[in-house]
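This is what each chain is made of:
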Amino acid sequence: MNIQGTGIGRGVATGRILRVAPALKEPEDVARNPQISDEDAEQQVLSALEDVKSQLEARAEQASKASKNDEISDILGALAQMAADPALIGEISKVVKSGKTPERAVFDGFGEFEAKLEALGGYMAERAKDLHDVGQRVIALLTGAAMPGIPEGKGPSILLAEDLSPADTASLDLSQVLGIITIQGSPTSHTAILARSRGIVAIVGAQKADSLHDGDTVILNAAKNVIVLDPSDDDIEEAEHQKRQSERARLLRGKPGATKDDVPVALLANVGKPEDANAALEHGAEGVGLFRTEFMFISSSQSPSVEDQTKAYVELLRHFPHRKVVIRMLDAGADKPMEFLTPENEPNPALGLRGLRTLRAHRQVLDDQLEALARANEQTDADLWVMAPMVADEHEADFFVKLGKAKGIEHVGAMAEVPSIALMANEVAKVADFVSIGTNDLTQYTLAADRTLASVGAYQTAWHPAVLRAIKLIADAGKEHDMPVGVCGEAAADPDLALVLVGLGVTSLSMAPVALDDVRANLAEHTFEETQKLASRALAGEFYPQRTDE
Ligand code: PEP
Ligand code: MG
């Protein structure tokens, strides 16, 4: 039996399963066996803390030696120090003396400090999660439970987890990870986006993968959305063939995107931080098609200053002299809530205050960001384009375009992420300089399926003819009004879907840098007319994927 899920990117990986241990249960709040004295209980806690500290220090040293990655090594070093904090140890001893079990004392002691950090908000609240992780390690040692998180020292493996936190995904040791399977999650969850941006082969939302065991051999085929169990020699040979194809695609790096008959299709990169510019250039991006500006806001409890924002935008723009860089205004709300902007009690956040709606409700944030972009534009010679997320119609597009122009920004456009903008595309094309289609949200809203929910993950595909027809409405309006239409959602990263998008009239594609090779190679193998034929078939629903595991 094969297991269906949703593939991230096109990669193929073969290897053995390594299950990521689930979170520990909360230790029971019961009195300790009276035969264990306070001193003995305290001693058990101290030696577990010491062991966790040494383990973390050893990992920090390993990370620094193995990858010269000081950032990861510093994080691990800081975690090790947490386990030796005298105030924390004092708190735990106090709980031990009240007669509780060592594990409960650790839970309560860490909990006390976690709550204090959380109350401080922002950066400190993030540290509360780190502290929790250290506490969980100590409890696992005390109770003999499997260490939560990613097991170490098991050799290169395919990780299987209920879900991975973005922090786990970000700090994975790529030399030890052949691929990732998650039982929850959808392809446009931000964890999946992170996996794609790190070039990790992944299948998400594979609910039946829960039956897999440590050591099972599998092939992950992201392009086919499938996990192959007990692969035959033929299966393994096919996987190897696919890997070789990817290597060939790499050879076209540096060539601009175009169909076989030289119809140009700009191939741009999606980036999330100014430093990502390097990966974009390395993979041959012709510019940036989507800079998600959330990173500056997400960890802070207030809006970053105009000066700080300007600095970050300049840092990005400097990498792309005379090249197109599309910067998206802050997209707060829904799956990217921001403490100081997003209401806490929205019953359906995806249908609530997000994107341009949030910015309009917080005009100072909107004005400051545009001001910072205008200043950065003056200081660099990149070709800056600015767009707003979640624009519903021509009125909202007009509102934003006028604001941007008033700041002296030359190219101001709208993201198409909700069906209403597709239905009003002709009107929008009269006021916007460009439209960039965010297929992740356009799919979510066209099919009314929350992009973060595995239970409706199967709906999250832009191959659905309804989504493609919405894209066609926008592309047709673009053609008629001479307005560029790009795609910057995850659909652009699927080499086959990329052909269909081009056939529909999309003129640029923006994706995670690691996806560029395969898209470039596939375009180069097809004429424009062939892409148009594929588009007609796709519009008729011919390629709409059917799930086969049900
Ligand atoms: C999209 O919705 O397709 C998009 C590119 O924006 P994000 O994934 O950041 O919501
Ligand atoms: Mg979006």
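Residues numbered from 1 in each chain as written. Chains lettered and ligands numbered in written order. Predicted model: local features only at pLDDT ≥ 70, side-chain atom pairs only at ≥ 80, totals over all residues. Heavy atoms only, no water.

Novice: In this structure, what is going on with the sheet that holds strand E9 (residues 266-271)? I would like to understand it.
Specialist: The strands making up a sheet associate through hydrogen bonds between their backbones, and the pairing can be parallel or antiparallel. With parallel pairing, the 8 strands of this closed barrel are ordered in space as E9-E10-E11-E12-E13-E14-E15-E16. Averaged over all neighbouring strand pairs, the angle between strand axes comes to 25°, with direction disregarded. Note: E9 against strand E10 (residues 288-292), 3 bridges, orientation parallel. Bridge assignment links Val271 to a residue of E10, and that residue is Phe291. Taken strand by strand, helix H11 (residues 306-317) contacts E9, E10, strand E11 (324-328) and strand E12 (383-388), and its axis lies near 150° from that of E11. (Pairing = 2+ DSSP bridges. Helix = DSSP H or I, 4+ residues; strand = E, 2+ residues; numbered from the N terminus. Axes fitted to C-alpha atoms, helices over the stretch in contact; angles between N-to-C directions. Contact = heavy atoms within 4.5 Å.)

Novice: I would appreciate a short explanation of the coordination of the magnesium ion (ligand 2) in the present structure.
Specialist: Each pair of donors in an ideal octahedron of six around a metal sits at 90 or 180 degrees, and each pair in an ideal tetrahedron of four sits at 109.5 degrees. Looking at the magnesium ion (ligand 2), the protein donor atoms are Glu417 (OE) and Asp441 (OD), and they sit 2.0 Å from it. Of the two residues, Glu417 sits in the loop between strand E13 (411-416) and helix H15 (419-423) while Asp441 sits in helix H17 (residues 439-446), which places them 24 residues apart along the sequence. Residue classification places Glu417 among the buried residues on the basis of a relative accessible area of 2%. (Donors = N, O, S within 2.8 Å, 3.2 Å for Na, K, Ca; no water. Buried < 20%, exposed > 50% of the residue type's maximum accessible area, 1.4 Å probe, protein only.)

Novice: Explain the packing of aromatic side chains here, please?
Specialist: The description of two aromatic rings rests on the distance between their centres and on the angle between their planes. Under the definition given, this model contains 4 aromatic pairs. Taking the centre distance of 6.0 Å and the plane angle of 55° together, the rings of Phe291 and Phe295 count as tilted. Here a set of aromatic residues connected by ring pairs shows up, and it is made of Phe291, Phe295 and Tyr313. Taking NZ or CZ as reference, Lys116 lies 4.9 Å from the ring centre of Phe113, over its face. One residue, Lys324, lies across the ring of Trp385, its end atom 3.9 Å from the ring centre. (Phe/Tyr/Trp six-rings, centres within 6.5 Å; stacked < 30°, edge-to-face > 60°. Lys NZ or Arg CZ within 6 Å of the ring centre and 35° of its normal.)

Novice: Any chance you could explain the site of ligand 1 here in plain terms?
Specialist: Around ligand 1 there are 15 residues in total, and Arg292, Glu417, Gly438, Asn440 and Arg451 lie nearest to it. Separating an oxygen atom of ligand 1 from a side-chain N or O atom of Arg292 is a distance of 2.7 Å. Note that an oxygen atom of ligand 1 is positioned 2.8 Å from one of the backbone N or O atoms of Asn440. Taking 290 Å² as the accessible area of ligand 1 by itself, protein coverage stands at 100%. With 3 residues, the single largest contributor to the shell around ligand 1 is H17. (Near = heavy atom within 4 Å. Polar contact = N/O pair within 3.5 Å; in protein donor to acceptor, adjacent residues only side chain to side chain. Areas by Shrake-Rupley, 256 points an atom, 1.4 Å probe, with all protein chains shown as cover.)

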